[in-house]
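# Observations on the three-dimensional arrangement
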Amino acid sequence: MYKLSINNHYSIEAERTIADGLLINGVKKNADIKQIKPGIYHVIESNRSYNVEVINFNGSEKNAEIKVNNHLYNITAKDQFDILLDKLGFSNLNSARISEIKAPMPGLVLKVFVNKGDIVKKGDNLFVLEAMKMENIIKAPADATVEKTLIKPGDKVEKGQILMLF
């Protein structure tokens, strides 16, 4: 079963079963679907004709942008696992947000890889911190945009000191 949100305005439940085929909000739907070209379909359902074009599809994010009879629709889907995570309060675990990076230990800043305004992805290198004669590459813990760097090469920092703002 999938819960679909259309343009963040409409919500429907869709389910494909072996016995009943496609169910939309619990009602069996019989549609004649023909692929015209890759990403372009012609659908006949309840004596109505629809031209459907898939503009954008992202399977990992579970969203799509489709055009039906020249009307654009943004669709997001949640499967049974997403629904369960929502019920348990774990739906935002993958969207970690950070506001600052603090020094994990006292040391000397050797290199800074990012500047104000840079967009970083989780795991990108931010800076190199030398501590106890070892070079430690500090990485971004989440996707973010650098608002301000408070360090430069040669700076000495203390543990817990704020080094970057996001």
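See above for the structure.
Residues numbered from 1 in each chain as written. Predicted model: local features only at pLDDT ≥ 70, side-chain atom pairs only at ≥ 80, totals over all residues. Heavy atoms only, no water.

### Quick notes on the pattern of salt bridges
Quick note on the threshold: The salt bridge criterion pairs a side-chain nitrogen of Lys or Arg with a carboxyl oxygen of Asp or Glu, the two atoms within 4 Å. Only protein chains enter the accessibility calculation, which uses a 1.4 Å probe; a residue whose area is less than 20% of its type maximum is buried, one above 50% is exposed, and one in between is partly exposed.
Enumeration according to the criterion identifies five salt bridges in this entry. Between Lys102 and Glu100 there is a salt bridge whose closest N-O contact spans 3.7 Å. Using a relative accessible area of 44% as the deciding quantity, one classes Lys102 as partly exposed. The residue Lys152 makes a salt bridge to Asp155 at a minimum N-O spacing of 3.2 Å.

### A short note on the nonpolar core
Cut-off, in case you're wondering: We call a set of buried residues a nonpolar core when its members are Ala, Val, Leu, Ile, Met, Phe, Trp, Tyr or Cys and they connect through side-chain atoms within 4.5 Å of each other. Think of it this way: any DSSP run of H or I at least four residues long counts as a helix, any run of E at least two long counts as a strand, and we number them from the N terminus. Contacts are assigned to residue pairs that have any heavy atoms within 4.5 Å of one another.
Among the nonpolar cores identified, the biggest contains 17 residues, and Val120, Leu126, Phe127, Met164 and Phe166 are the most heavily contacted of them. Counting only elements with at least two residues in this core, the list comes to strand E13 (125-131) and strand E18 (162-165). At three residues, the largest contribution of residues to this core is made by E13. Apart from residues no more than four positions distant in its own chain, Val120 is found in contact with Val114, Leu126, Ala140, Ala142, Asp143, Ala144, Val146 and Phe166. With 10 residues, the next largest nonpolar core counts Leu4, Ile6, Ile66 and Ala77 among its residues.

### Observations concerning the sheet that holds strand E9 (residues 71-78)
To keep things clear, this is the line we draw: DSSP bridges decide pairing: two strands pair if at least two such bridges lie between them. Lines fitted to C-alpha atoms define the axes, with helix axes restricted to the stretch in contact, and inter-axis angles between N-to-C directions lie between 0 and 180 degrees.
Overall, antiparallel pairing links the nine strands, which are arranged E4-E3-E2-E1-E9-E8-E7-E6-E5 in an open sheet. With partners counted over all chains shown, the strands left at the sheet margins are strand E4 (27-29) and strand E5 (31-37), one partner each. Looking at each pair of strands side by side, their axes are set apart by 30 degrees on average, direction ignored. When strand E7 (residues 48-58) meets strand E8 (residues 63-68), the two strands line up antiparallel, connected through six bridges. What sits directly across from Phe57, in E8, is Ala64.

### A closer look at the sheet that holds strand E17 (residues 156-157)
Taken in spatial order, the four strands make up an open sheet running E14-E13-E11-E17, and their pairing is antiparallel. Either end of the sheet is taken by a strand with one partner, and the two such strands are strand E14 (134-139) and E17. Taken together, the four bridges between strand E11 (residues 107-112) and E13 define a ladder with antiparallel strand orientation. Bridge pairing in E13 places Lys111 opposite Val128.

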